Structure formats: structure tokens, C-alpha cells
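# A closer look at the structure
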Amino acid sequence: MKRAEPYLLLTPAYLLIAGFLFYPMATVFLLSLREYQLMDPLNTPFVGLDQYAAMAGDEYFWRSLWNSVVWVVVSLFFQFLLGFCLALLLNSTRFWGRGIFQAVVFAPWAVSGFLIAIIWAWLLNGEFGLVNDLLIRTGLVDQKIGFLSRGETALLSCVLANIWFGVTFFAVMLFAALQAIPPSLYEAADMDGATAWQSFWRVTAPMVKPAIVITVLLRAIWIFNWADLIWVMTGGGPAGASRTLSLYVFQKAFLGLDFGYSAALGVALTVVSLVFTAVFLRATRFYGDEAAL
Amino acid sequence: MIRTHPLRRLLQVTGLCAFFLFAVFPVYWMVVTSITPEKDLFVWPLKYFPSAPTLEHYAAAFLRTDIPRFFTNSIMVASLASACTLTVSVMGGYALARYRFRGRKVTLLMFLATQMMPVVVLIVPLFIIFRMLGLLNTLYSLMIVYTVLNIPFCTLMMQGFFAGVPSELEEAAMVDGCNRMGAILRVAVPLTRPGLIATFLFAFIGAWNELLFAVMFLNSESTFTLPVGLYNFISKYDIHWGRMMAGATLALLPALAVFAFVQRYMVRGLALGAVKG
Amino acid sequence: MRHHANLGSKPRRITRRDMLRLGSAAFAGATVLGCGGGDGRRTVTVFSPMGEVKNVALGRQVERFMGLRDDLRVELIPAPWDQGHAKLLTMIAGGNPPDVITATGQWMAEFRAMGAIEDLTPWYASWPHRDAFTRTGLLRCESSMAIEDGRVYGLPLELTTRAMFYRRRWLDEQGLEPAATRTGWRALLEQITDRDRDRYGYALRGARGGFWTWWPILEEFSGTNEWFDGDHNCIINSPAHVEGLTYWNDIYQDGLAPVDSVNWGYNELVQGFWSGVCGCIEQDPEVVRTCLEHGMDESTLITAAMPAGPRAHVASNDIWILSISSGAKNPDDALAFYEWMMSPEQLIAYSKDASVLPTVKQGMDDPYFGQGFLRPFMDMATDARFLQNWYPSYLPEMGEFIEVLVTEEQQKMLLGRQSPRETLDRLADFLDRAQRRHVDRHGPDTPRPPRPSAPIESSAPSGTL
């Protein structure tokens, strides 16, 4: 009976996930094979993969997919870079009040997406925003900038808010990974006469790699999926400049009332994540390392 | 430890200060906005500190809405949901860390796959499920959703923590006559306590902040969670910035307090999990 | 460590009881979360996404009703304005609609098409207050499909109409009066704009909802509220319509509105006015209250009728409609509340409480609404000479058209990426297809806008309020 134990232990997780995630997702997939305009609810013909084919010719789809790529890549790059820097700094410095410092620096993680959006929209407000005030006082610009209303800056403004929020997550995870490296490894490297640079690449980097891979992967998927922040900050505008794929799914369903097409977009979004994950895991040679996953 | 070179020290201090400012200035501005009288919010150039600080926005937040109620609801939902999450994740994480079984890899990939489902398309199907369960407009529906949403990641976290604890201790306990469940509860779980705290915190913060499902599933004001209550400050034509920021500050306080207390455990806990990845 | 002597030294397998113990520990705490109720009253739910002020006013009506009926509990479902539409859609699509629904004209058309609204005709036929509603209110109900072919699905809860808000001091400084025509208004905007002092003429709505501000201008310039000609071709890209959109676009291009306004939606817009960035704004009566709350008064605020366009003077009326859901759990109880709430007496009480325009004739004679800041609104809503703005809400694509497509195309135009002509061509193209689909399915008899010359108000001619 020992063979049944892992399954028994996992049963609650299996049941909950199957009932409340996979089952609804399956209904969404079935819905994506039908035309389902909410305003014509009695007329829902089966159309097979037509709605997926329709995406190929949907310029909004391609633009929002591209925006999603920018949104994920730029956010992730800076979150990771800054998060890793912060983790390294925390790991290498001892100072009085570090506990409080950590609590404060990690605080953004405790703010909800909706509040982040509200706070940053307020900071970046084109008329009374703190950021504009700072830029003008320091003489960096002489005219107020409408961050959220210009095509070039709207998406990047959302990215900035996202970076603020997400640095923490990386910092916590990577800091923890750094703390877990046994000091003996560094001592051994020291004995071998390694420079700081060498011991970083030979000891630190390989030891935190699993943490990096899994954190980057999860963050990438989460950011790709995250629509609230942009919805509250810019609504996807101006002229779709900050509309990401996940926001498009929302708009199609609740503004366009086209639940069928929205379902298809949702499935497409999942498929894009899956493909990305497969490629990412292969590229980082992570797949074989079962223990770590 | 070798003494740090002064230049390096300077760099470190500068870096830390920069991070501190970056993390703090939006929060600072939020708090300042919440105590600035309405008329001073819209002057240019801005005042970095109000000349006549006021609590009027807090008073308005309390008088116009049932904030204490929202608070209680949020705390109940978040803590119970994270307790459930933790229970399920401990069991699942243990199984994944200690056993090699058929379907283990599939399970892991399945957990990952759940993270890829866009919640937006799940709203209506989940709404229907909770309607059939008769749980709409109750906090149960949110507890279940938050539990489910957090299980995959938390299970993966717990798996890491258990992998970091040598299994010999449990085996010894079982030789002593403890059953497997006893071994988990009495040996493995206490050893991963910092990890449990980290996992709990993760689930708690996720549940504390969630908005979309809460807006969709809750109808009566008496069931509202804090984010829904705050969201109602945005009316069609008006954002009460001061009141909104007052509410935001109130919402952030408990999360911050919890953070300040447990973040040490959290890092230690996560570090435990990080040994094996 | 506890010893199980009888089990020997082999590790015991997990029993079901162990699983239960662990699982129930977590869920045991959950039972404290009961939901209220249980006093024997039957419940009627009322969905209200109208924003805090009006929700409170409606809430007071609900309280009053419950004081009369001790067997019913009426529960208000307040929703954030921003998510109100999405929430209601979820409730309907998810099969758990509220009993009584408050909806805008556009939503109403959608919900009707979904089959989510109960037919009230039999009740209405014998209702004593049938004749109480104003012609304007009933007309708006017709154009939102709340009343169709003599069948009644919803009745007007409150009328909203647009008037122009001005910052009085800015006008006084230049010796200006509220503009009577679009030409005069444009000149006024130029005079009060002073970019060096961060002052702009107009709070332009460039993001969601912008359609509601520029469509009336197109009607003013073209003199018609039709969207299609007799052969179902969309005519909103006619030269006169293009002229109208050019007028609106030029306000932005010529710097008479803040650069930021290209992404202004409902909130930013009103804030842009009362915070002193913009000199005028066109808005609903409830915004009067917002402005007063933010410290404006008679010395700083003027409300005035909308300026007249070259070919028409348009009243942009809209409406909040109260209806009963076809999925109501207790239709009779829902109707009991509905009937009470829609009586002239209660409608007027509600309108006063929320400071909105009444939908019943009796309110037209009430001095409360004919004075102060509300007066221009009443004039706009009741003057028979105004052209009623209209849009083809019977098209299922209208929601996507207004909320997604229009926003996108108008912002492209404001950002200088396309001309007003190209913008309207694209929009007309979309509507051509939508209309053709509609005609294919339902035949060529599509709803048409009310005739401009139709007498709109019989009991209260303009100027006598």
C-alpha cells in the first residue's frame, strides 16, 4: 500500500485543481469551438477551429501579442536585474536595522495590483503627478509629460509600476537562495585563490541557478497573464498602445461580449505560455533536473 | 570575514539607499496624499509635505463605508484560505519530495500548467460552479478560489523545503512506531517551520489582495473584502484620491506588520527550500 | 513520540482517518463564516452600479420600502462603476442574475438581446401610473429597446442629459458668457486657454466614453440622427459628419485641451475640470454634486445649455432604466418593489435625493428641478426643438463598437495617425457589416431614431419651469 501513499497525499490538491481549474478550463476550451456572442445566446453554432483561424487575420491580436512580449520581457529583465542586485547587496552587507530595511524594501510585494495601479497612475499623472514635479524641479524636462497618454510611454509606464512591484519577489527568492549557499564553498574557493569575480561565477551562479530558472519562469507566466494593472492604469490605451493579450481577452469578453472568441484567445494565451515554458526549460537545460522542478 | 574595502562599502551603501528610496517613495506619496487636505492635492508645484495635515480622508473612509467589516472579512478569508492552502501543500509537497512515483513529473507539469490559465476566462465557469454549490455571495467561494489558485505554487515551495530536510529522521521516527502521518506532522513539519511561514505568507498576501473574483462573487456589502470596498471609492465621475489613499494605507498596514515580523523566517525558510532548488 | 505497540515496528500506512483529521482541521475553522439571513423574510436583490451617491439614494428608497413590508428584504447589490457591466454580465451568463436590474440605455439593449429581461406588458397594461412618464423618458426607453412594439420591458428611473459646465472666473476675466453656438464656443475655448498658466479650454474625453461627447457634434453638423440610409448603408462618414469630427479633433490638435486628455476617461475628465486645469466640460447633472463636493459654488461654476451646431441643436439624453430580470427568483416580490419604486411619488423622492432629473411629468412642475444648476439640464431634456441624439443600440456589435473600436480609432486620430475622414470610414465600414448581418437575420425593418420634429414634451414647454 506504500505505493498509494503519494497519491493519497496529493489527492486534495488533485481534486481541487481538477474541479476548480482544469474542469472550468475544459469548458472554456469547448466554448472556444463555438460561436458564442452573449447578445445572441440561443444561436451558438459549433465552428470548430474557425475562431482560432480568425486570430491570424486579427490585427488587434497580433499587436496585443507583441505588446505582451514587450510587457513581459522588459518587466522581467529589470525585475530580475534589480532583484538580483538587491539580493547580492543584502547578502554581502551587515548593518544595523537590516530587518526593518528588508521589511520596507520588500513591502511593494504586499500591495495589491489594483492599488499599485492607482498609486502609479497618481504618481505619473500628467498634471499633478509627483514624477513630473520631480523631473521639472531637477531640470531634466521643462514640460510636463503625459506618461499614460502617449503611445510611446503608456506601456512603459505600466512596466515601471510592474518593476516596482516585482523586484521584491526576485529579491526575496534569490536572497534566500544566496543564504542557502554553504559558506564552506566560498572558503574553499578562497583557499584556491579565486578572485571575487571567479567565486561569483564558479560558486554563486551555479548554486542559485535553479532558483533563478524557476523564479524567472513563474514570473514570466504570471506577468503574461496579468491584466488588472494595465486595465486600471491605461485601459489599454491610447489607441491600443498598452493593450496586452491578457487585457484583450478581458475586453473581448466583457466589453465586446464575444465570449466564444474570448475563450479562443484565452486558450491561445495558455498555448503561448506552454510553448514558452517548453522552450525555456529546454534552453536552460532544466527539464532533466527533476529534483529541482 | 575580510574587512570591506571603503569604496566597495560606499557602493553598497549607495545601492541600498537607492533601493530604499525606490521602494519607499510611492508608499510615502500614498501616505502623504492620504493626509493632505483635498484642495492642496491639486496645486502646482506640489507640496512634498502637507502644511496642514488632516485625518479627514480617514474619517470619511470610516464614516462612508464599513471599513472595519471589510477588514474582518479580508482577514478571515485570507487566513482561512492560506491555512487550507498550507494543509494541502504540506501533503502534496511532502509526496513530491519523498516519493518517486509514476505521474510525478506529470503532476509537476500540471501544476505549472495551472499558472498559465488566464483567470479572466475562468470567471464565468467558476461563477457557475459556485452557483451550483450554492456558495455565491459567501466568503467560502473566495476561500476556495484563493486556496486553489495558491496550491500549485505553494506545493512546489513546500516540496523544496521537504527536500531540504533529511529523510532519515522520519524513518527513525517510523521505526519507533510512528505512522507516516505522524512522522510528517511530528518530524518533517516542525523542521520546515520557517518554510511553512514563508508559504503561509505567500498565500496570505495573494488572498489579501485579490480583487477580480471578489468583485464578481460578492454581492452584499456585508461580505465585501477590503479591495472590493476600496474599489467602490471609484465612482463613475470621481476618484477620491485622498480617501482612496487613506484606504490603501489602511489596507497596507496589516500586510506590512505581518511582513516586518515574519520576513526573517521567510528568508530563512526559503533558504531551506533553496538548498535543493 | 507516541508509540503504537500493537502495530509493531513497521511504518503504518496512512489511514482514511488520518487524512480526514488533517483535512478537516483546515476546514473546521471555515464554519464560522456563515452568511446572514434567516429571519423568514423573502429576499429581492436589486443590482445598482450607479456609483456611491446614487446607490445611497436608492438604498434609502429600499429602506423605506422595507419599512412598509415586513415580509420582504430588499438587498442592494452595489458594484464598482468600472466593473458594474462586467459583473452584471457574469451574473447573467452565469445563471444567477439579480431580481431587479438598473441599467443604462446601452446595457438595456444588450440585456434585452440576451433575453435577460422580463416582459412587463401585462402588469403595465393595468398599472394606474401608466401615463405618468414624460415623453422624453419613454422615447429613450424605446431607443434602448426597453419598450418595443408596444411591449414594455423597463421604465425610466432617471433621465440624464448633458449640459456645459464652465469655470465662472475664467469667463469673467475675459468678459465672456456661455456660448450659444459651436462657433462661439470654439472662440471661447481659444480665449480661455493659456498654456503658460496650465489652463486649457476643454476637458476632452479621449479614452473610453469619448464617443458620447463627439457623436452629438456629428449630429449637430449633419442635422440628422440617422445612422443608415434607406438601403442600410451607413452614413456616418458623410462630408457633414466628417466636418463635425474634424471640429472635435481640432480642439485637441490646436492645443485647446490638455495633451493628457487623449487618455482621459470618466474620472480624469471631471477631475480635470474641478481641479482647475480645464475651463469647461460637458457632463451629466450628477457631476454638479461632484463639483460642489470639491468646493465649487455659484461664484465659480456655471452650467448652461449645450451650444447649438450649424444644422441642429442636439440634446444628448441618456437614461437609467429599471427592469426585472427574466431569471428573478421571486418575480412577484420583485414586482412588488418595482411597482412601488416606479410610482411618481417615489421616483421624485429618489431624483431629489440623488439630484438627478425626474422621469415623470409631475416632476417637471416641481420647482426643485427648475432652479439653480439643474435648470439648464431640465431645459435640454424638455425642449421640443432639440434633436434627440440616437444610436442603433439594436445591433449586437454596438457594445464592442463603442467600448473598443471607437476608442481605438478616435485615439489614433487624436495622436495624428489618421484623419477624421479615415476614422469615420473605418467605423462606417464596421457598421455596414453589422447592419447587413442584422437585416439578414431580422429583415429590413430596423428601429429608426425619433423624428426631430416630434413634440417631445406636452405638459411643460420650455421656459416655464
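Here the residue numbers are simple positions, counted from 1 along each chain's written sequence. Here the convention is simple: chains get letters from A, ligands get numbers from 1, in the order in which they are written. Residues qualify for local features only when their pLDDT is at least 70, as the model is predicted, and side-chain atom pairs are given and counted only at 80 or more; totals for whole chains, interfaces and linings, by contrast, use all residues.

## Re the interface of chain A and chain B
- With 75 residues of chain A in contact, the opposing surface of chain B contributes 75 residues.
- Counting from the N terminus, the helices are the DSSP runs of H or I reaching at least four residues and the strands are the DSSP runs of E reaching at least two. Top contributing element to the side of chain A that touches chain B by residue count: helix H1 (residues 5–32) of chain A, with 14 residues.
- Each residue gets one label: Ala, Val, Leu, Ile, Met, Phe, Trp, Tyr, Cys and Pro are nonpolar, Asp, Glu, Lys and Arg are charged, and the others, such as Gly, are polar. Residues that form the side of chain A that touches chain B fall into these classes: 56 nonpolar, 15 polar and four charged. Contacts here follow a simple rule: the backbone-placed C-beta atoms of the two residues must lie within 7 Å.

## Quick notes on the packing of helix H2 (residues 52–68) of chain C against helix H14 (residues 344–354) of chain C
Residue and element names in this part refer to chain C.
- The geometry of H2 relative to H14 is characterised by a closest axis approach of 9 Å and an angle of 145° between their N-to-C directions. For the pair H2 and H14, the sense of crossing is right-handed. Seen from H2, the contacting residues are Val 53, Lys 54, Ala 57, Leu 58, Arg 60 and Gln 61; seen from H14, they are Gln 346, Tyr 350, Asp 353 and Ala 354. Structural elements are reduced to axes, namely lines fitted to C-alpha atoms, with helices fitted over the stretch in contact, and the angle between N-to-C directions of any two is expressed from 0 to 180 degrees. It is the rotation of the near helix from the far one that decides the hand of a crossing: anticlockwise by less than a right angle makes it left-handed, clockwise makes it right-handed.

## Here we look at the sheet that holds strand S1 (residues 42–48) of chain C
Residue and element names in this part refer to chain C.
- We call two strands paired when DSSP finds no fewer than two bridges between them. In space, the five strands of this open sheet follow the order S2-S1-S3-S12-S6, with mixed pairing throughout. The outermost strands of the open sheet, each flanked by one partner alone, are strand S2 (72–78) and strand S6 (154–161). Strand-to-strand twist across the sheet, computed as the mean angle between neighbouring axes with direction ignored, equals 20°.
- As judged from the seven bridges shared by S1 and S2, these two strands associate in the parallel manner. Counted as the bridge partner of Thr 45 is Glu 75 from S2.
- Strands S1, S2, strand S3 (100–104) and strand S12 (317–324) of the sheet are contacted by helix H13 (residues 331–341), whose axis makes an angle of about 145° with S12.

## What about the pairing of S1(C)?
Residues and elements named next belong to chain C.
- Counting other C-beta atoms within 10 Å of a residue's own tells you its class, since 20 or more makes it buried, 12 or fewer makes it exposed, and anything in between is partly exposed; those C-beta atoms are placed from the backbone. In terms of burial, S1 is a largely internal element, five of the seven residues being buried.
- Where S1 and S3 come together, two bridges link them in parallel fashion. By the bridge assignment, Phe 47 is partnered in S3 with Ile 101.

## Thoughts on unusual backbone geometry
- Non-glycine residue A:Ala239 carries a positive phi angle of around 50°.
- With respect to the secondary-structure elements, A:Ala239 resides in the loop between helix H10 (228–233) and helix H11 (245–254).
- Phi is positive for C:Asp198, which is not a glycine, with a value near 60°.
- As for its placement among the helices and strands, C:Asp198 is situated in the loop between helix H8 (182–192) and strand S8 (200–202).

## Some points on the confidence of the model for chain A
- Looking at chain A as a whole, its pLDDT mean stands at 86, while 97% of the residues score no less than 70.
- What pLDDT expresses is the predictor's confidence in each residue, scored from 0 to 100. For chain A, the element scoring lowest by mean pLDDT is helix H4 (residues 98–105) of chain A, at 79; H1(A) scores highest, at 93.

## Description of the domain arrangement of chain B
All names here are of chain B.
- According to the domain assignment, chain B contains domain 1 (1–54) and domain 2 (65–274).
- Domain borders in the structure are assigned automatically or taken from a domain database. Of note, the centres of domain 1 and domain 2, computed from C-alpha atoms alone, are 31 Å apart.
- Counting from both sides, the interface comprises seven residues of domain 1 and, opposite them, six residues of domain 2.
- Looking at the side of domain 1 that touches domain 2, the elements that each hand over two or more residues are helix H1 (6–34) and helix H2 (38–41).
- By residue number, the principal contributor to the side of domain 1 that touches domain 2 is H1, which donates four residues.
- Residues of the side of domain 1 that touches domain 2, tallied by class, amount to three nonpolar, three polar and one charged.

## A closer look at H1(A)
- The first and last C-alpha atoms of H1(A) sit 38 Å apart over 28 residues, in line with the 40 Å expected at 1.5 Å per residue.
- Two axes define the bend at a residue: one fitted to the seven residues ending there, one fitted to the seven starting there, and the bend is the angle between them. At A:Thr11, H1(A) shows its maximal bend, which comes to roughly 50°, and the proline A:Pro12 appears one to four places after that position. What a helix should span is 1.5 Å times the count of its residues minus one.

## A closer look at the sheet that holds strand S9 (residues 278–283) of chain C
Residues and elements named next belong to chain C.
- Across the sheet, which stays open at both edges, the four strands sit in the order S8-S9-S7-S10 with mixed pairing between neighbours. Here the strands that pair on one side only, and so sit at the sheet edges, are S8 and strand S10 (301–304). In this sheet, neighbouring strand axes are inclined to one another by 20° on average, regardless of whether the strands run parallel or antiparallel.
- Two elements, strand S7 (residues 163–167) and S9, share four bridges in a ladder whose sense is antiparallel. Within the sheet, the bridge partner assigned to Tyr 166 lies in S9 and is Cys 280.
- Taken strand by strand, helix H11 (residues 266–274) contacts S7 and S9, and its axis lies near 135° from that of S9.

## As for helix H10 (residues 239–253) of chain C
Residue and element names in this part refer to chain C.
- Along its 15 residues, H10 runs 20 Å from first to last C-alpha, staying within 8% of the 21 Å computed at 1.5 Å per residue.
- Those residues of H10 lying buried are His 241, Val 242, Gly 244, Leu 245, Tyr 247, Trp 248, Asn 249, Ile 251 and Tyr 252.
- Where H10 is buried, its residues meet H8, S8, helix H9 (211–222), helix H17 (398–414) and helix H18 (420–442).
- Positive backbone phi, at 75°, marks Gly 255, one or two positions downstream of H10.

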